[in-house]
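Residue-level structural notes
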Amino acid sequence: MLYNLPETAGDIIVVQATDTLTAKDYTETFIPLLEEKLATHEKVRVLLYLDHGFTGFEAAALWEDAKFGLAHRNDFLRLAVVGDADWMEWLAKIADLLAGGETRHFTSSQFLQALHWIDGNDEV
């Protein structure tokens, strides 16, 4: 499941993933939110929080993510991947190679630092 968090405002999107991320999460939650933001902002800043209950992506979600990433690779200013699993650092590195903006990984305890970073505070 994917949830839009209250920190979402202006050109900032903050979403929380729990359980399994599905293609429906992309098509019904994330993509409409992104398109809404891009209608009024040239680029967006995204924080993706993969919480302790996050178990992974279904195959169709990975496909949606790949299609989405290619279509919108230049629409991101910053992307923060927040979560504690070791593989999340690699996810952030891959996203940094594919996305036009900057990508960083933060642990769950660094959620507020990640939020400040996507908002443009480079001191984090």
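Residues numbered from 1 in each chain as written. Predicted model: local features only at pLDDT ≥ 70, side-chain atom pairs only at ≥ 80, totals over all residues. Heavy atoms only, no water.

**Some thoughts on the sheet that holds strand E5 (residues 102-106)**
Let me state the cut-off plainly: One bridge is not enough; two strands pair if DSSP finds at least two bridges between them. A helix here means a DSSP run of H or I that spans at least four residues, while a strand means a run of E at least two residues long, and both kinds are numbered starting from the N terminus. All axes are obtained by fitting lines to C-alpha atoms, using only the stretch in contact for helices, and the reported angles, taken between N-to-C directions, cover 0 to 180 degrees. By the convention used here, residues are in contact when the closest approach between their heavy atoms is within 4.5 Å.
In space, the five strands of this open sheet follow the order E1-E2-E3-E4-E5, with mixed pairing throughout. Of all the strands in the sheet, the pair left with one neighbour each is strand E1 (2-4) and E5. For this sheet, the mean inter-axis angle between neighbouring strands, taken without regard to orientation, is 20°. As paired elements, E1 and strand E2 (residues 12-21) share three bridges and run antiparallel to each other. Bridge assignment links Leu2 to a residue of E2, and that residue is Ala17. With respect to the sheet, helix H1 (residues 23-38) is in contact with E1, E2, strand E3 (44-57) and strand E4 (76-82), its orientation differing from that of E2 by roughly 175°. Against the sheet, helix H4 (residues 111-118) touches E2, E3, E4 and E5, its axis set at about 175° to E4.

**What to know about H4**
Condition: Each residue gets one of three labels from its accessible area relative to the maximum for its type: buried under 20%, exposed over 50%, partly exposed in between, using a 1.4 Å probe on protein chains only. Here the arc refers to the directions that run from the helix axis out to each C-beta atom.
Taken together, the buried positions of H4 are Phe111, Ala114, Leu115, Trp117 and Ile118. Viewed along the axis of H4, the buried residues span an arc of 160°, placing them on a single side of the element. Each element contacted by the buried residues of H4 is listed here: E2, E3, E4 and E5. Of the residues flanking the end of H4, it is Gly120, one or two places downstream, whose phi is positive at about 110°.

**Some words on the pairing of E4**
For E4, a buried count of six out of seven residues is recorded, marking the element as mostly surrounded by other parts of the structure. Pairing geometry for E3 and E4, over six bridges, is parallel. Considered in E4, the bridge of Tyr49 is made with Val82. By the bridge criterion, five bridges tie E4 to E5 in an arrangement that is parallel. The residue bridging Ala80 from the neighbouring strand is Arg104, located in E5.

**Concerning the pattern of salt bridges**
Which entries qualify depends on this criterion: By definition, a salt bridge exists where a carboxyl oxygen of Asp or Glu is found within 4 Å of a side-chain nitrogen of Lys or Arg.
The full count for this structure, using the stated rule, is two salt bridges. Across the pair Asp11 and Arg45 runs a salt bridge whose closest N-O atoms are separated by 3.0 Å. Of this pair, Asp11 sits in the loop between E1 and E2 while Arg45 sits in strand E3, placing them 34 residues apart in sequence. Its relative accessible area of 19% is what places Asp11 among the buried residues. Overall, the relative accessible area of 15% leaves Arg45 in the buried class. Across the pair Arg78 and Glu102 runs a salt bridge, and its minimum N-O distance is 3.1 Å. Taken together, the residues span a long stretch of sequence, with Arg78 in strand E4 and Glu102 in strand E5 at a distance of 24 residues. For Glu102, a relative accessible area of 38% puts it in the partly exposed group.

Just distances and angles here, no functional claims.
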